[in-house]
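Tertiary structure, described
Listed below are the residues making up each chain.
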Amino acid sequence: MKKVFSIPLLIIGYTMIVLGVRWMIVDEPWMLDQVANEERLNMTFDQLFSYEINNTLPDYLKQIYRFFGLWVTIIGLFITSLSRENISKDSIIRIIILICVGIMCYSGLILVHVWIPSSPFLYLAYGMILLHLVSVYGHINFNKKT
């Protein structure tokens, strides 16, 4: 059960690290979710950037996505660090990480449904919730003998 608790959280953490790094290194990170973003904007990025007033918008978006990627990467590092077997032996630490990851996953799912329902990140959000629920199951049965 220790692995049933930690492996799903490690997958969530590594996924967040990969996503965060990806947002930080891609030249146009807003294009990673182009269809959903353009649907939300109700225009294409070409249209948005064609207005003279928006000439500096790509650089601004790049800056925002770089910071966003940094924070996503750091959150992934926290999750993977706190999911290690020697740290997760403590029941209180397991509960804290499950609460924090749960808030992140469920609120993320709600935000995706409300703001960008056509995003492929919707499937990622459902996957993370499934992984979180597996970890909850692992926590509940953590000290049971198999």
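Residues numbered from 1 in each chain as written. Predicted model: local features only at pLDDT ≥ 70, side-chain atom pairs only at ≥ 80, totals over all residues. Heavy atoms only, no water.

The subject of this paragraph is the side chain of Ser-83. As for its position among the elements, Ser-83 is in the loop between helix H4 (57-82) and helix H5 (91-115). Polar side-chain contacts of Ser-83 include one of 2.6 Å to the backbone oxygen of Ile-79. Sequence-distant contacts of Ser-83, that is, excluding residues within four places in its chain, are made with Ser-6, Leu-9, Leu-10, Ser-88 and Ile-97. (Helix = DSSP H or I, 4+ residues; strand = E, 2+ residues; numbered from the N terminus. Polar contact = N/O pair within 3.5 Å; in protein donor to acceptor, adjacent residues only side chain to side chain. Contact = heavy atoms within 4.5 Å.)

The next thing to look at is the nonpolar core. The biggest cluster of nonpolar side chains holds 27 residues, and the ones touching the most others in it are Leu-9, Ile-12, Ile-79 and Val-101. For this core, the secondary structure elements donating two or more residues are helix H1 (2-25), helix H3 (45-50), H4, H5 and helix H6 (121-140). In contact with Val-101, not counting residues within four places along its chain, are Leu-9, Ile-12, Ile-79 and His-132. (Core = buried A, V, L, I, M, F, W, Y, C linked by side-chain atoms within 4.5 Å. Buried < 20%, exposed > 50% of the residue type's maximum accessible area, 1.4 Å probe, protein only.)

Among the structural elements, Lys-2 can be located in helix H1. Given a relative accessible area of 36%, Lys-2 falls into the partly exposed group. Put simply, Lys-2 and Gly-138 are 136 residues apart on the chain and 6.5 Å apart in space, counted from C-alpha to C-alpha. Contact partners of Lys-2, with chain neighbours within four places excluded, come to Glu-85 and Phe-142.

This part takes up the environment of Tyr-65. Note on placement: Tyr-65 falls in helix H4. C-alpha separation for the pair Tyr-65 and Val-134, spaced 69 residues apart in sequence, amounts to 30 Å. With residues up to four places along the chain from it excluded, the contact list for Tyr-65 reads Trp-23, Pro-29, Trp-30 and Asn-37.

Okay, unusual backbone geometry next. Even without a glycine there, the phi angle at Asn-42 is positive, about 65 degrees. The residue Asn-42 is located in the loop between helix H2 (34-41) and H3 in this model.

Attention now goes to the state of the cysteines. By the definition in use, this model includes 0 disulfides. The thiol sulfur of Cys-100 is not disulfide-bonded, and the nearest other cysteine sulfur, from Cys-105, lies at 11 Å. (Disulfide = S-S within 2.5 Å.)

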